[in-house]
Amino acid sequence: MGDPDYRDTGLEFPAGFVFGSATASYQIEGAHDADGRGPSIWDTFSHTEGKVFNGDTGDVACDHYNRLDEDLDLMQDLGLESYRFSIAWPRIQPTGRGPANEAGLAFYERLVDGLLARGIKPIVTLYHWDLPQALEDDGGWTSRATALAFGDYARIVGERLGNRVALWTTLNEPWCSAYLGYGSGAHAPGRTEPAAALAAVHHLNLAHGLAVSALRKVVTNNPDFAITLNLHVFRPDGETGPEAVRRVDGLANRLFLDPVLNGTYPQDVLDDTAEITDWSFVQDGDLELIRQPLDVLGVNYYSTNRVRMWDGEGQKESSDGHGAATGTAWPGAENVEFLQQPGPYTDMGWNIDPSGLEDLLVSLHDQFPELPLMITENGAAFPDTVEVDADGARRIHDVDRIDYLRRHFTAAHRAVARGVDLRGYQVWSLMDNFEWGYGYSKRFGIVHVDYDTFERTPKDSSRWYAQLIRDRRIPPVD
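So, how was this worked out
- Residues numbered from 1 in each chain as written.
- Predicted model: local features only at pLDDT ≥ 70, side-chain atom pairs only at ≥ 80, totals over all residues.
- Heavy atoms only, no water.
- UniProt positions renumbered as here; feature names shortened; annotations may be inferred.
- Helix = DSSP H or I, 4+ residues; strand = E, 2+ residues; numbered from the N terminus.
- Contact = heavy atoms within 4.5 Å.
- Phe/Tyr/Trp six-rings, centres within 6.5 Å; stacked < 30°, edge-to-face > 60°.
- Buried < 20%, exposed > 50% of the residue type's maximum accessible area, 1.4 Å probe, protein only.
- Lys NZ or Arg CZ within 6 Å of the ring centre and 35° of its normal.
- Pairing = 2+ DSSP bridges.
- Axes fitted to C-alpha atoms, helices over the stretch in contact; angles between N-to-C directions.
- Parallel < 35°, antiparallel > 145°, perpendicular 65-115°, else oblique.
- Left-handed = near helix turned anticlockwise from the far one by under 90°.
- Nonpolar A, V, L, I, M, F, W, Y, C, P; charged D, E, K, R; others polar.
- Expected span 1.5 Å × (residues − 1).
- Salt bridge = Lys/Arg side-chain N within 4 Å of Asp/Glu carboxyl O.

Taking an unreviewed UniProt entry as the reference, the chain is identified by name as Beta-glucosidase belonging to Arthrobacter vasquezii. The UniProt entry for the chain carries the following text under Catalytic activity (unreviewed entry): "Hydrolysis of terminal, non-reducing beta-D-glucosyl residues with release of beta-D-glucose." UniProt annotates the chain under Sequence similarities (unreviewed entry) with the comment "Belongs to the glycosyl hydrolase 1 family."

Dropping the structure here:
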């Protein structure tokens, strides 16, 4: 069984297992109005007073748009085998509709070609939350028209890059887009409308199906197709725990897994939310469109939740890991109580529990035994300290992040040993970046970014990871 705290070393990963890292366009690119890029909902949201910590925005971010070659060389130096990045929809279609912006396509073409030239597998995410503002003005993800527009956007990108991309991921964490964007208001566009959140769930699912269908018609290199979900791991607490798990699991996991993989919506969730919406936005034929054959399921994992039904006494605990908000991210499950988890915690306040990752991977394999999995995000924010050596070299000794990664790679290896078809692991994140509502106050990167000079400094965790990639086994910790 190995170390009970998942601190194993020497575990070797199978041939073909792909080690990489991940980023997202709005979090690193900057150049928010360069070369024809239109505004996104995150441009609008971050420029709205009080929405983002310290008034931070992604206007410049890590300046990746202007430092592409430097960052590509950095990836090569780390030995990455894959790089998961997202394409900014408003860079391709400034208003979300109409002809392509050539400069935007050219940037991503240069990125893909640069990866291939360095022997790094490109993993493209078509949507990581930066919806063109013009589409939001017309209803955003509450509107069926946005899903249709997304299919056209996927076609445009596929026609340009469809002979070079190894793995296409349609959406990143549609749970966040729907519930945090339209339910709790914690994310862009900042709406707090339970019915809108559920409509967004369906239109995001529909957008996924339309995008896969569109891509399959234009790509020429036989790539893999995927969606990335931040599937929640819920632990029941007490007698009411199982009912609480059923309710929130339905909203967080089954409302995406069931239509995408089985072509159905779970009836119990439709019943739970009947007072909020009648689900009439689901049209005949939608579920067939959504259920497109997939080659990989992307899995993002960071922490777990412990839940029970609230008894109505005292203050309800709401420690769901997504921060305070004016609305709810759990429409139809407002009586579920999210309990504070025991530590230790990351700088995000999230509990560290590698057993949750093993449990999640094994559960998915049991439910969908023929579907390969890939960890498309896993990592941790910690308050890094930059030290300067006598020779002037900058050092970041991020021992907590190394420990976190070591324990979660161990969890992944144990899942593989239990029969899970796990194809790879993309560490979040390649570099420190704009962490959404937290601005630049949280650092997830294995590479440090100085936001004044944009100097990149590999942390100790990047060297540890480079050794893991090179040796294909979990290295010891000094």
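(A) Just the environment of Phe 338, in detail. Among the structural elements, Phe 338 can be located in strand β9 (residues 336–339). Separated by 30 residues in the primary sequence, Phe 338 and Arg 308 place their C-alpha atoms 6.9 Å from one another. If near-sequence neighbours (up to four positions away) are discounted, Phe 338 is found in contact with Phe 234, Val 248, Asn 305, Arg 306, Val 307, Glu 317, Ser 318, Ser 319, Asp 320 and Trp 330.

(B) Expanded view of the packing of aromatic side chains. If you walk through the whole model with that rule in mind, you get 39 aromatic pairs. The interplanar angle of 45 degrees and the centroid separation of 4.6 Å between the aromatic rings of Trp 129 and Trp 436 together place this pair among those described as tilted. One end of the pair, Trp 129, is in the loop between β3 (121–127) and α6 (133–137); the other, Trp 436, is in the loop between β13 (422–428) and β14 (447–449), and 307 residues separate them in sequence. Accessibility expressed as a relative area gives 6% for Trp 129, which makes it buried. A residue is classified by how much of its surface remains accessible, and Trp 436, at 4% relative accessible area, is buried. Between Phe 434 and Trp 436, the ring centres sit 6.3 Å apart and the planes meet at 80 degrees, which makes this aromatic pair edge-to-face. Ring pairing ties together the aromatic residues Tyr 26, Trp 42, Phe 45, Trp 129, Phe 434, Trp 436, Tyr 440 and Tyr 451, which thus form one cluster. If you follow Arg 414 out to its NZ or CZ, it ends over the ring of Tyr 6, 4.1 Å from the centre.

(C) Fine view of the sheet that holds strand β4 (residues 167–172). Reading around the circumference, β1-β2-β3-β4-β5-β7-β10-β13 is the order of the 8 strands in this closed barrel, with parallel pairing throughout. If you compare each strand with its neighbour and ignore which way they point, the axes differ by 25 degrees on average. For β4 and strand β5 (residues 224–229), the ladder comprises 4 bridges, and the chain directions are parallel. Within the sheet, the bridge partner assigned to Leu 167 lies in β5 and is Asp 224.

(D) Region of interest: the packing of helix α5 (residues 102–117) against helix α7 (residues 144–161). Orientation of α5 relative to α7, taken along the N-to-C sense of each, is 50 degrees, at an axis distance of 10 Å. It follows from the interaxial angle that α5 and α7 lie oblique. Seen from above, α5 lies across α7 with right-handed handedness. Contacts between α5 and α7 involve Glu 102, Leu 105, Ala 106, Tyr 108, Glu 109 and Val 112 from the first element and Ile 156, Val 157, Arg 160 and Leu 161 from the second. The residue inventory of the contact of α5 with α7, partitioned by class, reads 7 nonpolar, no polar and 3 charged.

(E) Helix α10 (residues 241–262), seen in detail. Under the 1.5 Å per step criterion, the end-to-end length of α10 is only 26 Å for 22 residues, more than 12% shorter than the ideal 32 Å. Of all 22 residues in α10, 16 are buried; the element is thus mostly enclosed. Gly 263 lies just past α10 and shows a positive phi near 75 degrees.

(F) The arrangement of the sheet that holds strand β8 (residues 305–309) in detail. Pairing within the open sheet is mixed, and its 3 strands lie in the order β6-β8-β9. Two strands lie at the open edges of the sheet, namely β6 (234–236) and β9, each paired on one side alone. Within this sheet the neighbouring strands show an average axis-to-axis angle of 40 degrees, counted without direction. The pairing of β6 with β8 spans 3 bridges and is parallel. Bridge pairing links Phe 234 to Asn 305 in β8.

(G) Molecular detail of the pattern of salt bridges. In the structure shown here, the tally under the stated rule is 47 salt bridges. Ionic pairing is found between Arg 401 and Asp 384, a salt bridge with its closest N-O pair at 3.0 Å. On the criterion of sequence distance, the pair formed by Arg 401 in helix α14 (residues 399–417) and Asp 384 in the loop between β10 (373–378) and β11 (386–388) is long-range, its members being 17 residues apart. Across the pair, Asp 384 and Arg 401 agree in class, each one buried. Three or more residues are tied together by salt bridges with common partners; here these are Glu 243, Arg 246, Arg 247, Asp 249, Arg 254, Asp 268 and Asp 272.

(H) Up close: helix α15 (residues 460–471). Between the first and last C-alpha of α15 there are 17 Å, a value that for 12 residues agrees with the 16 Å anticipated at 1.5 Å per step. Among all positions in α15, only Ser 461, Ser 462, Trp 464, Tyr 465, Ala 466, Leu 468 and Ile 469 are buried. Tucked inside the fold, the buried residues of α15 contact β1 (18–22), α3 (68–78), α14, β13 and β15 (456–458). Backbone geometry just after α15 places Arg 472 at a positive phi near 60 degrees.

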